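# Commentary on secondary and tertiary structure
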Amino acid sequence: MSYPSNNSSPLTKKILISHDGKFISLEKIDPAPQVSHHLIIGKKVKTPIGTLSLKKVKTWKKPKDGNSAYFRYSDIGSRKRLVRFWKAGDKMMPFGMKGKSRLVSDILNEAGIKSERLKYFVPLVVFEDEPSFILWIPGIRSAEFGRLSAKSETALELSRII
């Protein structure tokens with residue numbers, strides 16, 4: 001039997017049923033991590049997908065991949081940043097989308113993370129005073145906020161080391 005699309009639904013509170021067009025699978029739903037960590041300049045935070053770090057730089061270059069992101073220091077330098085984990089309903093305004101928001105779950109699906117269970121272990125960089133504002137999905141996508149315009153502009157560099 002073939003199904004037309006990838007779909008997941010909770011079967012019970014602890015079991016998720018999904019299909020990818022070819023196979024049906026059952027997954028145990030692990031509880032989402034409830035911890036958050038401060039992301040401070042010069043300190044590192046270990047996550048399930050690698051170590052995250054933050055530093056202030058005088059010059060920057062366009063990132064080659066999602067493992068680094070640069071933001072205008074004057075916009076985010078004085079704000080406290082947290083690393084927290086994905087929650088259903090999270091939205092962000094991705095870089096290049098000019099103020100339009102998207103569900104983080106859709107962004108993760110496009111990046112190949114289709115399992116609800118795995119999504120709960122994706123770290124997000126947010127502001128402590130605004131934990132629903134997603135600045136960066138390490139390894140995947142950065143926000144439009146704090147966009148740099150000049151190469152000589154002081155920036156904050158967020159990076160992921162695998």
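Note that this is a predicted model, so its numbers are computed, not measured.

### Looking at the overall build of the chain
- A tally of helices and strands in the chain yields three helices and 14 strands.
- Overall, the chain is about 60 × 30 × 25 Å in size when its C-alpha atoms are taken along their principal axes.
- Relative to its full complement of 162 residues, the chain shows a buried share of 38%.
- Considering only contacts in the chain between residues 6 or more positions apart, those separated by 24 or more positions represent 63%.
- Per element, the accessible surface of the chain, about 9,600 Å² overall, is 55% carbon and sulfur.
- Taking the 30 positively charged and 15 negatively charged side chains of the chain as two groups, their mean positions are separated by 4 Å.

### Things to note about the sheet that holds strand β2 (residues 15-19)
- Overall, antiparallel pairing links the three strands, which are arranged β1-β2-β3 in an open sheet. The open sheet has two free edges, formed respectively by β1 (7-10) and β3 (24-28), since each of these has just one partner strand. This sheet shows a mean twist of 20° between the axes of neighbouring strands, independent of strand direction.
- Here β1 runs beside β2; their pairing, made up of four bridges, is antiparallel. Residue pairing across strands places Asn 7 opposite His 19, the latter belonging to β2.

### Structural notes on the pairing of strand β5 (residues 44-47)
- The alternating pattern of β5 places Val 45 and Thr 47 on a buried face, while none of Lys 44 and Lys 46, on the opposite face, is buried.
- The pairing of β5 with strand β6 (residues 50-57) spans four bridges and is antiparallel. If you follow Lys 44 over to β6, its bridge partner there is Ser 53.
- Hairpin connection between β5 and β6: a loop of two residues separates the two successive antiparallel strands.

### Some words on the environment of Leu 26
- Locating Leu 26 in the fold gives a position in strand β3.
- Leu 26 sits 64 residues away from Asp 90 along the chain, and the two C-alpha atoms are 24 Å apart.
- Excluding residues within four positions of it along the chain, Leu 26 makes contact with Leu 11, Ile 15, Leu 16 and Ile 17.

### Details of the pairing of β2
- Counting the residues between successive antiparallel strands, the hairpin from β1 to β2 contains four residues.
- Joining the antiparallel neighbours β2 and β3 is a turn of four residues, in which Gly 21 adopts a positive phi near 95°.

### Observations regarding the sheet that holds strand β12 (residues 130-137)
- Strand order across the open sheet formed by five strands is β4-β8-β11-β12-β13, with antiparallel pairing between neighbours. The sheet is open, and its two edges are formed by β4 (37-39) and β13 (141-142), each paired on a single side.
- One ladder, built from five bridges, connects strand β8 (residues 81-85) with strand β11 (residues 123-127); its direction is antiparallel. Opposite Phe 85, over in β11, you have Pro 123 as the bridge partner.

### Details of the packing of aromatic side chains
- All told, the structure shown has five aromatic pairs when counted by the stated rule.
- With centroids separated by 6.2 Å and ring planes inclined at 35°, the aromatic side chains of Trp 60 and Tyr 70 adopt a geometry described as tilted. One end of the pair, Trp 60, is in the loop between β6 and β7 (68-72); the other, Tyr 70, is in strand β7, and ten residues separate them in sequence.
- Of the residues examined, Tyr 70 reaches a relative accessible area of 14% and is grouped as buried.
- Taken together through their ring pairs, the aromatic side chains of Phe 127, Phe 133 and Phe 145 make up a single cluster.
- The lysine or arginine in question, Lys 56, covers the ring of Tyr 73, its NZ or CZ lying 4.3 Å from the ring centre.
- One cation-aromatic arrangement involves Arg 79 over Phe 127; the distance from NZ or CZ to the ring centre is 3.7 Å.

The rules behind each value
- Counting of residues starts from 1 at the beginning of each chain's written sequence and follows it residue by residue.
- Only residues with pLDDT of at least 70 are given local features in this predicted model, and only at 80 or more are side-chain atom pairs given and counted; all residues enter the totals for whole chains, interfaces and linings.
- No hydrogens and no water enter the side-chain calculation; it runs on all heavy atoms of the structure.
- Secondary structure elements are defined from DSSP: runs of H or I of at least 4 residues count as helices, runs of E of at least 2 residues count as strands, and each element is numbered from the N terminus.
- Residue exposure (1.4 Å probe, protein chains only): buried if accessible area is under 20% of the type maximum, exposed if over 50%, otherwise partly exposed.
- Between two residues, a contact is recorded if the distance between any of their heavy atoms is within 4.5 Å.
- Accessible surface is estimated by sampling points in the Shrake-Rupley manner with a 1.4 Å probe; for residues, cover comes only from the protein chains shown.
- Just so you know, the count uses Lys and Arg for positive and Asp and Glu for negative, and it drops His and the chain ends.
- Where a charge lies is defined by one atom per residue type: Lys uses NZ, Arg uses CZ, Asp uses CG and Glu uses CD.
- Here, any two strands with at least 2 DSSP bridges between them count as paired.
- Axis geometry follows a simple rule: fit a line to the C-alpha atoms, using only the stretch in contact for helices, then measure angles between N-to-C directions, giving values from 0 to 180 degrees.
- Think of it this way: a Phe, Tyr or Trp ring, Trp meaning its six-membered ring, pairs with another when their centres are within 6.5 Å, and the plane angle makes it stacked under 30 degrees, edge-to-face over 60, tilted otherwise.
- Ring-over charges, as used throughout, are those where CZ of Arg or NZ of Lys falls within 6 Å of the ring centre and within 35 degrees of the ring normal.

Coordinates in, geometry out; function isn't part of it.
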